[in-house]
Every structure is written in C-alpha cells, then in structure tokens.
Amino acid sequence: MQKETTVFTLKHMNKVLGEVKGLKVKSVFSPHKNALAYKLSTMNSQYRGTIVEKMVRDFLISRGDKVRYFGGNSPFDMIVNGSRIEVKSALPWFNGSGTCLYRFQNIKTDLFDKIYLVYVTPYGLKMKSFSSDKMARLLKNHANHCNGKTFSCKAA
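Described in the following lines is the structure provided in the data block.

**With respect to the overall build of the protein**
Next, step 1: In terms of helices and strands, the protein carries 4 helices and 8 strands.
Next, step 2: Traced from its N-terminal end to its C-terminal end, the protein shows the element sequence α-α-α-β-β-β-β-β-β-β-α-β.
Next, step 3: Oriented by its inertia axes, the alpha-carbon framework of the protein measures out at about 75 × 35 × 25 Å.
Next, step 4: Of all 156 residues assigned to the protein, the portion counted as buried reaches 31%.
Next, step 5: Taking all contacts inside the protein whose residues are at least 6 apart in sequence as the whole, residues at least 24 apart take part in 48%.
Next, step 6: Carbon together with sulfur atoms contributes 52% to the accessible area of the protein, which is approximately 10800 Å² in total.
Next, step 7: Positive and negative side-chain charges of the protein, numbering 26 and 10 respectively, have mean locations separated by a distance of 6 Å.

**Comments concerning the packing of aromatic side chains**
Next, step 1: Enumeration according to the criterion identifies 3 aromatic pairs in this entry.
Next, step 2: Between F70 and F76, the aromatic rings sit 5.8 Å apart at their centres with planes inclined by 90 degrees, giving edge-to-face as the arrangement.
Next, step 3: Accessibility expressed as a relative area gives 14% for F76, which makes it buried.
Next, step 4: Relative to Y119, the ring of F104 has its centre 5.0 Å away and its plane inclined at 80 degrees; by these criteria the two rings are edge-to-face. Within this pair, whereas F104 is found in strand β5 (residues 100-107), its partner Y119 is found in strand β6 (residues 114-121), the two being separated by 15 residues in sequence. For the pair F104 and Y119, a shared accessibility class is recorded, and that class is buried.

**Observations regarding helix α3 (residues 45-62)**
Next, step 1: Helix length check: α3 (18 residues) gives 25 Å between terminal C-alpha atoms against 26 Å at 1.5 Å per residue, within 8%.
Next, step 2: Every buried residue of α3 is accounted for by R48, G49, V52, E53, V56 and L60. Take α3 and look down its axis: the buried residues cluster within an arc of 135 degrees, on one side only. Seen from the open side of α3, the exposed residues pointing more than 90 degrees away from its buried face are Y47 and S62.
Next, step 3: Buried residues along α3 sit in contact with α2 (35-41), β1 (67-69), β2 (78-80), β3 (83-90), β6 and β7 (124-131).
Next, step 4: The N-cap residue of α3 is N44: its side-chain oxygen and the backbone nitrogen of Q46 are 3.0 Å apart.
Next, step 5: Where α3 terminates, the next one or two residues include G64, which has phi positive at roughly 100 degrees.

Analysis parameters
- Residues numbered from 1 in each chain as written.
- Predicted model: local features only at pLDDT ≥ 70, side-chain atom pairs only at ≥ 80, totals over all residues.
- Heavy atoms only, no water.
- Helix = DSSP H or I, 4+ residues; strand = E, 2+ residues; numbered from the N terminus.
- Buried < 20%, exposed > 50% of the residue type's maximum accessible area, 1.4 Å probe, protein only.
- Contact = heavy atoms within 4.5 Å.
- Areas by Shrake-Rupley, 256 points an atom, 1.4 Å probe, with all protein chains shown as cover.
- Lys, Arg positive; Asp, Glu negative; His and termini not counted.
- Charge placed at Lys NZ, Arg CZ, Asp CG, Glu CD.
- Phe/Tyr/Trp six-rings, centres within 6.5 Å; stacked < 30°, edge-to-face > 60°.
- Expected span 1.5 Å × (residues − 1).
- Arc of directions from axis to C-beta.
- Polar contact = N/O pair within 3.5 Å; in protein donor to acceptor, adjacent residues only side chain to side chain.

What follows is the structure in structure tokens.
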C-alpha cells in the first residue's frame, strides 16, 4: 500500500476560514507587513510593555542620553537626563464604527515629567512624546480610574 501525503497550506486555511461561522481570527498584523510589530502583537500587554520600555531605553541611550532604568513596580519607568520618564504602548483596536484607535491606559501625569507613547501599528512602531503638562491637558476631561486615566487616539 502506498503512503499518501497531503500538504495543507496557510493559503488554503485562509480560504476556508470565512466558512466557519462565529470564528473571529482576523488580525491586522502579519509577519510580512512588519515582523517586529507582528511579534509584539502576539504578546500579552505586560510582556509587550516591558519589551517596549527597554527598547525605548536603548534608543535613548544610543542617542547619548544618560538613562537609569527602573521598570517594574516603580511609579515611572526611567530617569533620563534627570527627568522622570513613563513609557506606554498600545495595539490598535476598532470601535463600533470601524475607526482604528490606540488606547493607552493607566496614565498618571503627576508621576512623570515626560511620556513616550509607542503605537504598535501593523507596519511598525511609531513613537510620540509629551510633557506631563501637555498630557494632563489632553486628559483633562477623561475619567480617572483607580490606576490612572486612559488616552484614546488615532495613530501618530
């Protein structure tokens, strides 16, 4: 008897996924668009946050800044050239109308001097920074939760 080998491919699976009712597997991330963003999108928020913090730390060191990294349970992530720095990252999410937004959570503007927001987009990472005063103005009318405020915005 001859042994038969059948090869199934990702292309074939993607073709039939639409036939499975109730299955929600769709992701905007792909290793073909950007391997870094894809890998970060597969992690839980705690791991992703720690990795992004350390990537920002290394970026700041590479440009010559003096950095002391704390991470973990510290009220801020690092001190850079004497300023308290917080780093937040977010993946995209789509609201009910299909608008792509990024939601940065647990922001406490009184605990940092500057914040770096890292947008994990399907095509790579984008980073924006704000002073604590500017971020406080942006969050002025936002609800205060037990761990801080949440800032939602479109991509940088």
